[in-house]
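# Analysis of the macromolecular model
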Amino acid sequence: MPAALAPRLWAGHLVALAAVVVAGMLGLWQFDAWQERRDAQAQDLTQVEPVALESVLGPDDPFPGDRVGQPVTVEGTWLGAGTVFVSGRERDGVDGYWMTSILSVQAEGVPDAAIPVVLGWTADPAAAPPTPTGSAQVTGYLQPPEGTGDVDADPNDDVVPQLRTADLIQLIDEDLYGAYVVDRAGIGSLPAADLAALPEPSRFTALRNFFYGIEWWTFGAFALFIWWRWVRDSTRVPQPDQVASQP
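Residues numbered from 1 in each chain as written. Predicted model: local features only at pLDDT ≥ 70, side-chain atom pairs only at ≥ 80, totals over all residues. Heavy atoms only, no water.

A few words on the overall build of the protein chain. Helix and strand counts for the protein chain stand at four helices and eight strands. Order of helices (α) and strands (β) in the protein chain, N terminus to C terminus: α-β-β-β-β-β-β-β-α-β-α-α. Residues counted as buried form 36% of the 247 residues belonging to the protein chain. In the protein chain, 72% of the contacts between residues at least 6 apart in sequence involve partners at least 24 apart. Working note: accessible area of the protein chain is about 14,500 Å², and carbon and sulfur atoms make up 57% of it. (Helix = DSSP H or I, 4+ residues; strand = E, 2+ residues; numbered from the N terminus. Buried < 20%, exposed > 50% of the residue type's maximum accessible area, 1.4 Å probe, protein only. Contact = heavy atoms within 4.5 Å. Areas by Shrake-Rupley, 256 points an atom, 1.4 Å probe, with all protein chains shown as cover.)

Encoded structure:
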């Protein structure tokens, strides 16, 4: 039997094993808490009260990175042209499309421009409702334009691989905002689409949990080191000169 497995050392092995396992589990718990709180903050940013689009973004403004997922209200008139179906959008594990139409924004003191609005999700463009018409007030989540680099396999149809401003502006005679809005309830018979991007939580969110996780894992590593030293010292065979020096 190896010297390290001698019965006299079993109690020490069990104590070391328990210390390492507990430290590892507590570290994982703290890291899970860190991630959950960051995810919760990202979701919470989408739950604030909606504000008017013009108070967040102008037609010629770059997208504000701290307003991803910001609930906004938009008033305007639906354009007859520009409705597209964005492919590759899942909902409850089913692949489908986002039905997207263009809303000409009407706001005092704001130059004429339009913004794409994701009306909702559909499994089949052929089953989608007609393009909305007339005046409308939309409440939804503000999202940055997409730019995945996917190529439109058939530029002549109404299916696109991404919501890219440069693609949509070719379909209408108005300027476009550098953003789009995901209607939060779904329009007509369409269920609401999922957000493509959630707001980024602050880098300092739940930082204490992150450091607690590192602290617990450091404690586990230290306990492992102490156990190794103890086993080494307890099983070391005395050298001849050490035996001779003993009384």
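Structure shown, so let's carry the discussion forward.
Negative charge collects at one region of the surface, where Asp60, Asp61, Asp112 and Asp175 lie side by side. By the element assignment, Asp60 lies in the loop between strand E1 (51-52) and strand E2 (71-78). We classify Asp60 as exposed; its relative accessible area is 69%. (Patch = residues over 30% accessible without salt bridge, like charges linked within 9 Å, V, L, I, M, F, W, Y side chains within 5 Å. Salt bridge = Lys/Arg side-chain N within 4 Å of Asp/Glu carboxyl O. Lys, Arg positive; Asp, Glu negative; His and termini not counted. Charge placed at Lys NZ, Arg CZ, Asp CG, Glu CD.)

A few words on the environment of Gly82. Mapped onto the elements of the fold, Gly82 is located in the loop between E2 and strand E3 (84-91). Judged by its relative accessible area of 10%, Gly82 falls in the buried class. Sequence separation between Gly82 and Leu168 is 86 residues, and the spatial gap between their C-alpha atoms is 6.7 Å. What Gly82 contacts, discounting residues up to four positions off in sequence, is Thr100, Ile102, Leu171 and Ile172.

Here the focus is the packing of aromatic side chains. Under the criterion given, the structure shown has six aromatic pairs. Look at Phe31 and Trp217: their rings are 4.8 Å apart centre to centre, the planes differ by 40°, and that puts the pair in the tilted class. Highlighted residues: Phe31 in helix H1 (residues 10-44) and Trp217 in helix H3 (residues 207-235), separated in sequence by 186 residues. Seen from their ring centres, Trp98 and Tyr180 are 6.2 Å apart, and the 55° between their planes marks the pair as tilted. Of this pair, Trp98 sits in strand E4 (residues 94-105) while Tyr180 is found in strand E8 (residues 180-183), placing the two residues 82 residues apart along the sequence. (Phe/Tyr/Trp six-rings, centres within 6.5 Å; stacked < 30°, edge-to-face > 60°.)

Time to look at the nonpolar core. One finds Leu53, Val74, Leu103, Ile115 and Leu142 to be the most contacted residues of the largest nonpolar core, which totals 25 residues. Going through the elements one at a time, E2, E4, strand E5 (113-122) and strand E6 (135-143) are the ones with two or more residues in this core. For this core, the element with the highest residue contribution is E5, accounting for four residues. For Val74, the residues in contact, after removing those within four places along its chain, are Leu53, Leu103, Val105, Ile115, Ala136, Gln137, Val138 and Val181. One finds Trp121, Leu168, Ile172 and Leu176 within the second-largest nonpolar core, a separate group that totals 16 residues. (Core = buried A, V, L, I, M, F, W, Y, C linked by side-chain atoms within 4.5 Å.)

Considering the arrangement of structural elements, one finds Glu146 in the loop between E6 and strand E7 (159-160). On the accessibility criterion, Glu146 (15% relative accessible area) is buried. Among the polar contacts listed, one links the side chain of Glu146 to the side chain of Arg89, at a separation of 2.8 Å. A polar atom in the side chain of Glu146 sits 2.8 Å from the backbone nitrogen of Leu163. The contacts of Glu146, once residues within four sequence positions are left out, are Arg89, Trp98, Gln162, Leu163, Arg164, Tyr180 and Ala196. (Polar contact = N/O pair within 3.5 Å; in protein donor to acceptor, adjacent residues only side chain to side chain.)

Within the secondary structure layout, Leu53 lies in the loop between E1 and E2. We classify Leu53 as buried; its relative accessible area is 0%. Note: C-alpha distance between Leu53 and Thr73 (20 residues apart in sequence) is 5.8 Å. When residues no more than four places from it in sequence are discounted, the contact partners of Leu53 are Val72, Thr73, Val74, Val105, Ile115, Leu142 and Tyr177.

Turning to the pattern of salt bridges, a few remarks are in order. Taken as a whole and assessed by the stated rule, the structure comprises three salt bridges. Between Asp167 and Arg164 there is a salt bridge; the shortest N-O distance is 2.9 Å.

Take it as geometry only, folks, not as evidence of what the structure does.
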